[in-house]
Amino acid sequence: MAQVRVRFAPSPTGSLHVGGARTALFNWLFARHHGGRMVLRIEDTDRSRSREESARGILEGMRWLELDWDEGPERGGDYGPYYQSQRLPVYREYLHRLEEAGAVYPCYCTPEELAARREEARRAGRPPRYDGRCRALSRQERSDREGRGIEPVLRLRVPAAGATVVDDLIRGSVSFENAVLDDFILWKSDGMPTYNFACVVDDAAMRISHVVRAEEHLSNTPKQLLLYAVLGEEPPRFAHVPMILAPDRSKLSKRHGATSLEEFRQQGFLPQAMVNYLALLGWSPDGVTEKMDRGFMVAHFDLGRVTHNAAVYDVQKLTWLNAIYLREMAVAALARAVTPFLRRAGLIPEELAGPQQEYLERVVGLLRERAHTLEELAALADYFFRPVEGYDEKGVRKHFRGEGAAELLAAVRERLAGAEEFTAAALEAAFSDLAAARGVPRGALIHPVRLAVTGRTMGPGLFELLELLGRERVLDRLARAQRWLEENVV
RNA sequence: GGCCCCAUGGUCUAGAGGCCUAGGACACCACUCUUUCAAGGUGGUAACCCGGGUUCGAAUCCCGGUGGGGUCACCA
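Residues numbered from 1 in each chain as written. Chains lettered and ligands numbered in written order. Predicted model: local features only at pLDDT ≥ 70, side-chain atom pairs only at ≥ 80, totals over all residues. Heavy atoms only, no water.

Asks: Please clarify how empty space enclosed by the protein should be interpreted in this entry.
Replies: Unfilled space is identified by rolling a water-sized probe across the atoms. Taken as a whole and assessed by the stated rule, the structure comprises one cavity of 30 Å³ or more. Quantified by volume, the largest cavity comes out at close to 30 Å³. Surrounding the largest cavity, V18, F264, M274, Y277, L278, L281, Y313, D314, V315 and L318 form its lining. Mapped onto the lining of the largest cavity, the elements with two or more residues apiece are α9 (271-280) and α11 (315-328). (1 Å grid on protein atoms, 1.4 Å probe; cavity = no way out; pocket = protein on both sides within 12 Å on 5 of 7 lines; lining within 4 Å. Points joined across faces, edges and corners; volume = space filled by probe spheres on them. Helix = DSSP H or I, 4+ residues; strand = E, 2+ residues; numbered from the N terminus.)

Structure, rendered in structure tokens:
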């Protein structure tokens, strides 16, 4: 295969959503697999909808997933600029070629007229296509309209006969009758190219070898192929990847919960898990492997193994993968990753001193296997950073009930106050002793103490937890729980 | 509505005519481990959309139907 050059070409009209991210990932995997180049191009030809801020968000999302690009914004490259809004001269040049060839003509129909005709056609059950009425306007008719101050759009003369065949790397060959295509617009009246034109010009000018994009573009492809033909350019290979659908099988939108990468990030998903999950949506290396690192994905990625059917994304599976990555991460890295979540929850200050950093790592080490997301991890950690503010209701009924509870906590407290060492091993021995002395099972001690010290009925092993909390806080919390029990008859 | 794509459990998928008594994973349900929770282990429920062909033989090939999706913008 000649030099592989792929591109991811988002339009900056919103944040990077899962579908876009998956397309970016497939492009990236394909490029890396073939030792090719990944081009990032921002398609901002819609002046009213494009936002600088969206473009930044998209780049940020790509960086978060560690999908690097070889050419594009902030990196430059030999085929720039990489913002379509800055490529007007290029489009004009290609447009000129089409004009020379007599392949385009001006159309003076207003958007309102066109919309009205479309609506009418739809009501009459006819396909809503442009009828070509401006195709054969005389010079006189044209200058009349220009005289009235109408800025025309430019349309392509599409042949009425024949068929255009898309040879798709994923779907095989797909044929479209040219008769169903209409004379689509290449150049808008505001002086900007349309998507279909800009896209073809750029892919040709940037020497893109493979266009890997979402299936919604499949029906645009014959139009683009027609353009390559009149331009005399060799078209790239196409690969249309299936759509990602919401759980109700409709097109993904905001009302389906998290759909933008940024939201997943804020919910505490890790980029490694995200990439792994996205790769599994529509592709599988062998039907068995679920967890894979980048190296594996790059080594095995194959467009021929991309599925043909749309996929529904499933947060539960993402969550499962995320938990695996959470557990496998180095504690230091994990501590760094949860930090923003702990701050947001008001559990830690802006700056952490050295010993606090070490403490945080130990906390994280204790809780990591109980959390599925960073957000959840932060929530589970609250009692390590602030006093217990209340006791779990069910826990109270179960473990704080009866006359003996306060007395029992007092006994434990006394015992722990006198313990020589405050280590998990020593604490465990102390609990065993005390339980034996009182003739009760250890659980009878463990559960009330956990509730007293953490406010919860669940969590890490009690002894590790007590050691980490330290004698002072443990004794203090036991005393507080005793007082609470005296004030609240259960 | 026209055109195009697609069709294996609730979800993601393996399957390129006999290896399929349809495999894996998430989720779910049991049991197990256990100081709780989580993780882990074991087991279980659950699918080839329907109808015709082709073939000795079809989840796999063909046709039709049905269903879902996409697209028909001076959006990309």
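Here the narrative resumes, following the displayed structure.
Asks: How should I be thinking about the protein's contact with RNA strand B in this particular structure?
Replies: Inspection of the region around RNA strand B gives 64 residues, with R171, K188, E369, H447 and G459 positioned closest. Each atom of RNA strand B within 4 Å of the protein was classed as base or backbone; sugar and phosphate made up 72%. A distance of 3.4 Å is found between a phosphate oxygen of RNA strand B and a side-chain nitrogen or oxygen belonging to W320. Residue assignment for the surface near RNA strand B shows that the elements contributing at least two residues are α4 (111-123), β6 (172-177), β11 (311-312), α11, α19 (443-454) and α20 (462-469). Broken down by element, the surface near RNA strand B gets its largest block of residues, four residues, from α11. For the surface near RNA strand B, a count of residues per class yields 22 nonpolar, 22 polar and 20 charged. (Near = heavy atom within 4 Å. Polar contact = N/O pair within 3.5 Å; in protein donor to acceptor, adjacent residues only side chain to side chain. Nonpolar A, V, L, I, M, F, W, Y, C, P; charged D, E, K, R; others polar.)

Asks: Which parts of the structure should I look at to understand the nonpolar core?
Replies: Generally speaking, nonpolar side chains in soluble globular proteins are found buried as a group. Judged by nonpolar contacts, the single largest core of 112 residues is most densely connected at M62, F384, F431 and L466. The dominant element in this core, judged by the number of residues it contributes, is helix α1 (residues 18-33), at nine residues. When sequence neighbours within four positions are dropped, the list of residues in contact with M62 reads F8, L16, A24, M38, L40, L67 and W69. Counting 36 residues, the second largest nonpolar core, distinct from the first, contains L95, F176, L181 and L227. (Core = buried A, V, L, I, M, F, W, Y, C linked by side-chain atoms within 4.5 Å. Buried < 20%, exposed > 50% of the residue type's maximum accessible area, 1.4 Å probe, protein only. Contact = heavy atoms within 4.5 Å.)

Asks: Help me understand the pairing of strand β9 (residues 237-241) in this model?
Replies: Walk down a regular strand and you will see the side chains alternate between the two sheet faces. Among the five residues that make up β9, four are buried, leaving the element largely enclosed by the rest of the structure. Read from strand β8 (residues 210-214) through helix α7 (residues 221-231) to β9, the crossover connection turns out right-handed. (Right-handed = clockwise from strand over helix to strand, strands pointing away.)

Asks: What is the right way to look at the pairing of strand β2 (residues 37-40) in this model?
Replies: Pairing analysis gives four bridges linking strand β1 (residues 5-8) to β2, with the strands arranged parallel. Pairing of V6 across the sheet is with M38, part of β2. After leaving β1, the chain enters α1 and then returns to the sheet as β2, a path that is right-handed. (Pairing = 2+ DSSP bridges.)

Asks: Mind showing me how you'd approach helix α13 (residues 354-367) here?
Replies: Within an α-helix, residues lying three or four positions from one another point in the same direction, as the helix has 3.6 residues per turn. The first and last C-alpha atoms of α13 sit 20 Å apart over 14 residues, in line with the 20 Å expected at 1.5 Å per residue. Taken residue by residue, α13 has Y359, L360, V363, V364, L366 and L367 as its buried positions. Taken end-on, α13 shows its buried residues confined to a sector of 160 degrees, consistent with a single buried face. Residues of α13 that are exposed and point more than 90 degrees away from the buried face comprise P355 and E358. In this structure, the buried residues of α13 make contact with α12 (331-344), α14 (374-380), α15 (382-385), α20 and α21 (471-487). (Expected span 1.5 Å × (residues − 1). Arc of directions from axis to C-beta.)

Asks: Is there a simple way to think about the pattern of salt bridges in this case?
Replies: Close approach of charged atoms allows side chains of opposite charge to pair. Inspection of the entire model under this criterion finds 34 salt bridges. Across the pair E71 and R37 runs a salt bridge, and its minimum N-O distance is 3.2 Å. Placement of the pair is E71 in the loop between α2 (52-64) and α3 (88-100) and R37 in strand β2, with a sequence separation of 34 residues. Take E71: its relative accessible area is 2%, and that puts it in the buried class. Connected through shared salt-bridge partners, R7, R41, E43, R87, D202 and D203 make up one network. (Salt bridge = Lys/Arg side-chain N within 4 Å of Asp/Glu carboxyl O.)

Asks: So what exactly am I meant to see when it comes to the sheet that holds strand β4 (residues 153-156) here?
Replies: By way of backbone hydrogen bonds, the strands of a sheet pair with one another, either parallel or antiparallel. The sheet built from three strands is open, its strands ordered β3-β4-β7 with antiparallel pairing. Whereas interior strands pair on both sides, the edge strands pair on one side only; in this sheet they are β3 (104-107) and β7 (185-187). Put simply, the sheet's adjacent strands are angled 45 degrees from each other on average, direction ignored. Direction of pairing for β3 relative to β4: antiparallel, over a ladder of four bridges. In the sheet register, C107 faces β4, and the bridge partner there is V153. On the sheet, α3 packs against β3, β4 and β7 and is oriented at approximately 125 degrees with respect to β7. (Axes fitted to C-alpha atoms, helices over the stretch in contact; angles between N-to-C directions.)

Asks: Just checking my understanding: could you explain the confidence of the model for chain A for this structure?
Replies: Note that predicted coordinates carrying low pLDDT should not be read in detail. Residues at a pLDDT of 70 or more form 99% of chain A, whose mean pLDDT is 94. Scored as a complex, the prediction yields pTM 0.95 and ipTM 0.96. (pLDDT = per-residue confidence, 0-100.)

Asks: Can you help me understand the state of the cysteines in this one?
Replies: Throughout this description, disulfide means a covalent bond between two cysteine sulfur atoms. For the structure shown, the criterion picks out zero disulfides. C109 forms no disulfide, and the closest cysteine sulfur to it belongs to C134, at a distance of 3.7 Å. (Disulfide = S-S within 2.5 Å.)

Asks: Can you walk me through the side chain of D70 in this structure?
Replies: Inspection of the secondary structure assignment puts D70 in the loop between α2 and α3. When its relative accessible area of 17% is taken as the criterion, D70 is described as buried. Polar contacts involving the side chain of D70 include one to the side chain of R32, which spans 3.2 Å. Of the polar contacts made by the side chain of D70, one reaches the backbone nitrogen of M38; its length is 2.7 Å.

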